[in-house]
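Chains, contacts and geometry: an overview
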Amino acid sequence: MDDGGSTTNLLSPNKGMGVVTGVGIDNPSSQSVHGMDHTTTPNEETTSQIPNENESVREKNNETDEDEVQLTRKRKKTSKVWDDFVVVTLRDGKKKAECKHCESRLAITGSGPTSSYKRHLNSCTPHKQSLKNQQILNFQPSGCDVDFVPPLIGPDTKYDENKMREAIANWILSTEQPFATVEDVMFVKMMKTATPLFEKLSRVTITLKALTKAASKISLTTDCWKSSHQKIEYMVITAHFVDHNWRLQKRVLSFVHVPPPRTAVDIADGIYKCLQEWEIKDKIFTISVDNAAYNDKALRRLKETFSRVRKLSCGGRLFHIRCCAHILNLLVKDGLAIIDHIIGDVREGIKYINNSEGRRLNFSKAAHQMQIRDRKLMLDVPTRWNSTYDMLCMALKFKDAFPRYTQIYLKYAEYEPHFHHLPTDEDWENVQSVCLILKVFKVCTNIISGSDYPTANLYLIEVFRVKQTLDKGSLSTNDFIRDMVKKMKEKFDKYWGECHLVMAIASVLDPRFKMKLVEFCFPTLYQNSDENIKEVKNALYEMYSEYLEMHDTLVRESATHGSEHERNVLGLNEGTSLGSGWEAFGEFIKTADLERPEKSELDMYLEEGVYREKGQTGMESFNALEWWNVHKLKYRVLSLMARDVLAIPISTVASEATFSAGGRVIDPYRASLGSDTVQMLICGGDWIRQVHGVKKKLKEEFPIEVLLPEVNTKFCVSEE
């Protein structure tokens, strides 16, 4: 700074910051910077602010209009209004408070109240404008991904209330928070601490806008669920498609209340209304439902409706997909029904043992005496057959400990007179035989129950394994096993007795299988295997012809639109030539693209050998969608067909998983929520989590693990 004689005070709003700087100031510590030289007191409305001998005042010469600054140390002002006012001393010795924004001068009364200054600021237009343009420093939270959470306030931006509202809405929906959270006092206090400009939101203002992504074809899953708290039924509709990055996507489109009596007409109308609202009814490829009778009628009605306005793929033979997981569940229930009384004894026995620490200790002693080293039992969830299977498998390891538990020899003989849940040796043999069969079903269910990866191509080989196991069981010398398998085979033939086209076509479009897997599995699955293999081939070529026709139509439209756009941009008319060989070559390429080669892409694909990946360990180590993405330039038409087919869900697991979210949203405290609000919460939360890649852990009822305590061997005696 210059140490010269004349002094000049530069008073600048500095985009609303109100910073006062001085030139020619000998004492730098006397500079006053906005936000750094005052504190706010609760009594700032009436605090006396009379300038005295310690204040910095500015003397202004009215004749020369030049400012003279006299800087002396003054006591610190306590009112925030002095951020926007400065005391000036006129030539006649009078002192006034001058607004930094509009330079209006207000009188300083004897008592020095600041209320009049505040009223002036409320009506001062330059001051209001400066507040709108005011900048705030942006502090990025530690460990926060900038791409994941866009900053609300940047270095060159102002506080955006709309972005804050959107961020809070995303948080409310993705974490399923109550609406009243935004009105909580501590929530508002926390937000104001982080952002002083935050204003309290009303629960009514929490909204979300979701954008749909373009997809060539969309497959649906749907299912119904009854809220235990509201006592009404909802229908969920989930869309499955592959995006432009060749990633499988799923989105909850609707979670709508279905009034009684929930007929097939109600289901069909609810689905069609949802498709109309999303404007995707022309893109529907398949619909997967469970095996309820009203679903069969509803899908027939929808199939007739869609067939009247557009052509369905393969004549509509792929439109209705039965949930394969539901079929497996029906097969298993038929098998478990035969040993239902044994399952009941095992379940009640484990409950009895788990009822007290002493019983667990005694059972652990019995297991130790029988040289059983396992230390865990499991109590199943009766509604989940796979947990029942796990319970039986673990109980089989302790089958010798159960009878031993009824009479334990210690220093004092102890007896369990109330333990009556003891399966016989024959019962345990039957349980072991059933578990060997159910093991195949469990592996199959685990593979097809995924919803984040393609499953349609994985199912044929698993169904083959199930059929192979049932055929083997039907030849067993054990009458119990033959009777059980007989019921299961009847159910198998009911649903899979005819060729399952989606399952077969999807496996052919897996480069590891192609037609080889169909030729390998069909003789085991069907008596007339040759006719079914021929049916699969015919359906493949029929579908390929449909996609080839769609591809040619798009190429012609693109060529016509491209030529017109090119000539319009260059300002050429029909008789004008570009004067370059590029135009002629471009027209040649457009014509060549429409010429079909002698051998189709499907023929070339099937004639090539199956794909073998080095180091391939199992079904989960390969993603068919990724393979087609890499080879889409080689198979331009067939890759589009594979993309849509592999996106078909063969189970309704994705829709059923939404019911877990429904149970959390409609809890006892939210039983009065309207159906529209419930739909907004479920759908909005699902979309927000998908957009940001947030995985929501499903809150399910899990089996209870019964951990047995360690046994002190000093107090154990062998059997007499």
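Below or above, wherever it landed, is the structure these notes cover. Model, not experiment: these values are computed from the prediction. Residue numbers here run from 1 along each chain, matching the order of that chain's written sequence. Given that this is a predicted model, residues contribute local features only at a pLDDT of at least 70 and side-chain atom pairs are listed and counted only at 80 or more, while totals for whole chains, interfaces and linings are drawn from all residues. Each side-chain value is derived from all of the structure's non-hydrogen atoms; neither hydrogens nor water enter the calculation.

Points about the sheet that holds strand E8 (residues 218-226)
Pairing between the strands of a sheet comes from backbone hydrogen bonds, and it takes one of two forms, parallel or antiparallel. One open sheet holds the five strands; their spatial order is E10-E9-E8-E11-E12, and the pairing between them is mixed. One side of each edge strand has no neighbouring strand; the edge strands of this open sheet are strand E10 (248-257) and strand E12 (320-322). Averaged over neighbouring strand pairs, the angle between their axes works out to 25 degrees when direction is ignored. Two strands form a pair only when DSSP identifies at least two bridges running between them. The helix count covers DSSP runs of H or I at least four residues long, the strand count covers runs of E at least two residues long, and both are numbered beginning at the N terminus. When strand E11 (residues 284-289) meets E12, the two strands line up parallel, connected through three bridges. Bridge pairing in E12 places Val 289 opposite Arg 322. Helix axes are fitted to C-alpha atoms over the stretch in contact, other axes to C-alpha atoms as well, and angles between N-to-C directions run from 0 to 180 degrees.

Section: the pattern of salt bridges
Should a side-chain nitrogen of Lys or Arg be within 4 Å of a carboxyl oxygen of Asp or Glu, the pair is scored as a salt bridge. For the structure shown, the criterion picks out 19 salt bridges. Measuring nitrogen to oxygen at the nearest pair gives 4.0 Å for the salt bridge that ties Asp 243 to Arg 247. In this structure, Lys 489 and Asp 471 form a salt bridge, with 3.1 Å as the shortest nitrogen-oxygen distance. Placement of Lys 489 in helix H14 (residues 479-496) and of Asp 471 in helix H13 (residues 459-474) is noted, with a sequence separation of 18 residues between them. Salt bridges sharing partners connect three or more residues here, namely Lys 467, Asp 471 and Lys 489.

Brief notes about the packing of aromatic side chains
Working definition: a ring pair exists when centres of Phe, Tyr or Trp rings (six-membered ring for Trp) sit within 6.5 Å. Plane angles under 30 degrees give stacked, over 60 give edge-to-face, the rest tilted. Counting across every chain of the model gives 23 aromatic pairs. The interplanar angle of 70 degrees and the centroid separation of 5.6 Å between the aromatic rings of Trp 82 and Tyr 117 together place this pair among those described as edge-to-face. In this pair, Trp 82 sits in the loop between strand E4 (66-70) and strand E5 (85-89) while Tyr 117 sits in helix H1 (residues 115-123), placing the two residues 35 residues apart along the sequence. Neither residue differs from the other here; Trp 82 and Tyr 117 are each classed as buried. When the ring of Trp 627 is compared with that of Tyr 635, the centres are 6.5 Å apart and the planes differ by 25 degrees; the resulting orientation is stacked. Taken individually, Trp 627 and Tyr 635 each receive the classification buried, so the pair is uniform in this respect. An aromatic cluster is present here, built from Tyr 605, Tyr 611, Phe 622, Trp 627, Trp 628 and Tyr 635 joined pairwise through their rings. We call a charge positioned above a ring when the Lys NZ or Arg CZ atom is no farther than 6 Å from the ring centre and deviates by at most 35 degrees from the ring normal. One Lys or Arg, Arg 310, reaches over the ring of Phe 306 and ends 5.3 Å from the middle of that ring. Directly above the aromatic system of Tyr 605 lies the positively charged group of Lys 514, at a separation of 4.4 Å from the ring centroid. For every residue, the accessible area (1.4 Å probe, protein chains only) is compared with the maximum for its type, and the residue is labelled buried under 20%, exposed over 50%, or partly exposed between those bounds.

Concerning the nonpolar core
Here, nonpolar core means buried Ala, Val, Leu, Ile, Met, Phe, Trp, Tyr and Cys residues that are tied together by side-chain atoms lying within 4.5 Å of each other. Membership of the largest hydrophobic core comes to 108 residues, with the highest contact counts inside it found for Phe 441, Tyr 459, Phe 522 and Trp 628. Top contributing element to this core by residue count: helix H12 (residues 425-448), with 10 residues. Apart from the residues lying within four places of it in its own chain, the contact partners of Phe 522 are Leu 460, Cys 499, Ala 504, Ser 529, Asn 532, Ile 533 and Val 536. Judged by nonpolar contacts, the second largest core, of 27 residues, contains Ala 215, Ala 268, Ile 271 and Leu 275. The contact criterion used throughout is that any non-hydrogen atoms of two residues lie within 4.5 Å.

Examining unusual backbone geometry
Cis peptide bonds are those with omega within 30 degrees of zero, and the linkage from Pro 260 to Pro 261 qualifies with 10 degrees. Tracing the chain through its elements places Pro 261 in the loop between E10 and helix H5 (264-278). At Arg 262, a position not held by glycine, the phi torsion is positive, near 55 degrees. Summarising the element assignment, Arg 262 is placed in the loop between E10 and H5. The exposure class of Arg 262 is partly exposed, given its relative accessible area of 22%.

Here's the deal with the pairing of strand E6 (residues 95-99)
For E5 and E6, the ladder comprises five bridges, and the chain directions are antiparallel. What sits directly across from Val 87, in E6, is Ala 97. Connecting the antiparallel pair E5 and E6 is a turn made up of five residues, with Gly 93 showing a positive phi of about 90 degrees. Note that E6 and strand E7 (residues 105-107) share three bridges and pair antiparallel.

Re the packing of helix H15 (residues 501-508) against helix H16 (residues 514-525)
Their axes nearest at 7 Å, the elements H15 and H16 cross at an angle of 135 degrees. The orientation of H15 with respect to H16, classified from their angle, is oblique. Contacts between H15 and H16 pair Ala 504, Ser 507 and Val 508 from the former with Lys 514, Met 515, Leu 517, Val 518 and Phe 522 from the latter. Residues are sorted three ways: Asp, Glu, Lys and Arg are charged, Ala, Val, Leu, Ile, Met, Phe, Trp, Tyr, Cys and Pro are nonpolar, and all the rest, Gly among them, are polar. Across the contact of H15 with H16, the residue classes tally to six nonpolar, one polar and one charged. Between 65 and 115 degrees an angle is taken as roughly perpendicular, under 35 as roughly parallel, over 145 as roughly antiparallel, and anywhere else as oblique.

With respect to the packing of H12 against H14
Viewed as axis vectors pointing N to C, H12 and H14 meet at an angle of 30 degrees, and their least axial separation amounts to 10 Å. For the pair H12 and H14, the crossing hand works out as right-handed. In this structure, H12 contributes Asn 430, Ser 433, Val 434, Ile 437 and Phe 441 to the contact, and H14 contributes Phe 480, Ile 481, Met 484, Val 485 and Met 488. Of the residues assigned to the contact of H12 with H14, the class counts are eight nonpolar, two polar and no charged. Crossing handedness is defined as follows: a turn of the near helix away from the far one that is anticlockwise and smaller than a right angle gives a left-handed crossing, while the clockwise case is right-handed.

Coordinates in, geometry out; function isn't part of it.
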